[in-house]
Amino acid sequence: MAGMKKKKNASRGKRPDKRGEILDIAADYFLSHGYEGTSINEMARESGISKESIYRYFRSKKKLFGAVVDRELEDYQTRLRAVSSARTGSLRKQLVGIAETLLGVITTGRTLGLRRLIFQQASHNREVGRHYFHIGPGQAYKHLNSLFATQSARSGFSPADLSRYFLALV
């Protein structure tokens, strides 16, 4: 990836802060080189960002990877909260909205690549898997459990069972 260019943050329409710029570069680097193949020294050299700048924001490669995962899932969490908090319309409409949100986020090439990398790392470091589950799928379970809690008397199933079944279908 020689000649990596610093990206502009398209969603904000302005130049990102240094931390955001490092996260952009690191996400691309992790996705193209894998966790084990990522070297902070090489990433710094190829991106034109000093190694000291990277370590100023992130004390280790592990912390940098965690921050990449966190940022990649921020949009997922925000969209899931918006759909889940709407609580308008029929149960069907709410479930379709949640399913569309989940599928819209998790089926992008970038997210699929990141999930493969997370699962690979989780086999070496369980904390990576736990953290991902908490900020990703765990949030979906939380929102679905809340929604299904209002329906459990009608269905006879526990909210947790309904949540697992729904996500398995999606």
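None of the values given here were measured: they were computed from a predicted structure. (Residues numbered from 1 in each chain as written. Predicted model: local features only at pLDDT ≥ 70, side-chain atom pairs only at ≥ 80, totals over all residues. Heavy atoms only, no water.)

Asks: Sorry, what's going on with helix H10 (residues 159–169) here?
Replies: Those residues of H10 lying buried are Leu162, Ser163 and Phe166. One side of H10 holds all its buried residues, which, seen down the axis, span an arc of 100°. Opposite the packed face of H10, turned more than 90 degrees from it, sit the exposed residues Tyr165 and Ala168. (Buried < 20%, exposed > 50% of the residue type's maximum accessible area, 1.4 Å probe, protein only. Helix = DSSP H or I, 4+ residues; strand = E, 2+ residues; numbered from the N terminus. Arc of directions from axis to C-beta.)

Asks: What is the right way to read the nonpolar core from this model?
Replies: Within soluble globular proteins, side chains that are nonpolar tend to cluster in buried spots. Counting 39 residues, the largest nonpolar core has Phe30, Met43, Ile54, Leu64, Phe65 and Val69 as the members making the most contacts within it. Counting residues per element, the ones that place at least two in this core are helix H1 (18–33), helix H2 (40–47), helix H4 (61–86), helix H5 (91–106), helix H6 (109–122), helix H7 (126–135), helix H8 (137–149) and H10. With eight residues, the single largest contributor to this core is H4. Among residues more than four places away in sequence, those in contact with Phe30 are Tyr35, Thr38, Lys61, Leu64, Phe65, Val68 and Leu117. (Core = buried A, V, L, I, M, F, W, Y, C linked by side-chain atoms within 4.5 Å. Contact = heavy atoms within 4.5 Å.)

Asks: Even after reading the chapter, I still don't get the packing of aromatic side chains, so can you show me in this structure?
Replies: The geometry of two aromatic rings is summed up by the distance between their centres and the angle between their planes. Inspection of every chain in the model, using the stated rule, returns seven aromatic pairs. A ring pair is formed by Phe30 and Phe65, whose centres lie 5.1 Å apart and whose planes are at 75°; its orientation type is edge-to-face. Of the two residues, Phe30 sits in helix H1 while Phe65 sits in helix H4, which places them 35 residues apart along the sequence. Using a relative accessible area of 1% as the deciding quantity, one classes Phe30 as buried. Taking the centre distance of 6.4 Å and the plane angle of 70° together, the rings of Phe148 and Phe166 count as edge-to-face. Of the two residues, Phe148 sits in helix H8 while Phe166 sits in helix H10, which places them 18 residues apart along the sequence. Judged by relative accessible area, which is 12%, Phe166 ranks as buried. An aromatic cluster is built from Phe30, Tyr35 and Phe65, whose rings are joined through pairwise contacts. Residue placement shows Lys61 over the ring face of Tyr35; its charged tip is 4.4 Å from the ring centre. (Phe/Tyr/Trp six-rings, centres within 6.5 Å; stacked < 30°, edge-to-face > 60°. Lys NZ or Arg CZ within 6 Å of the ring centre and 35° of its normal.)

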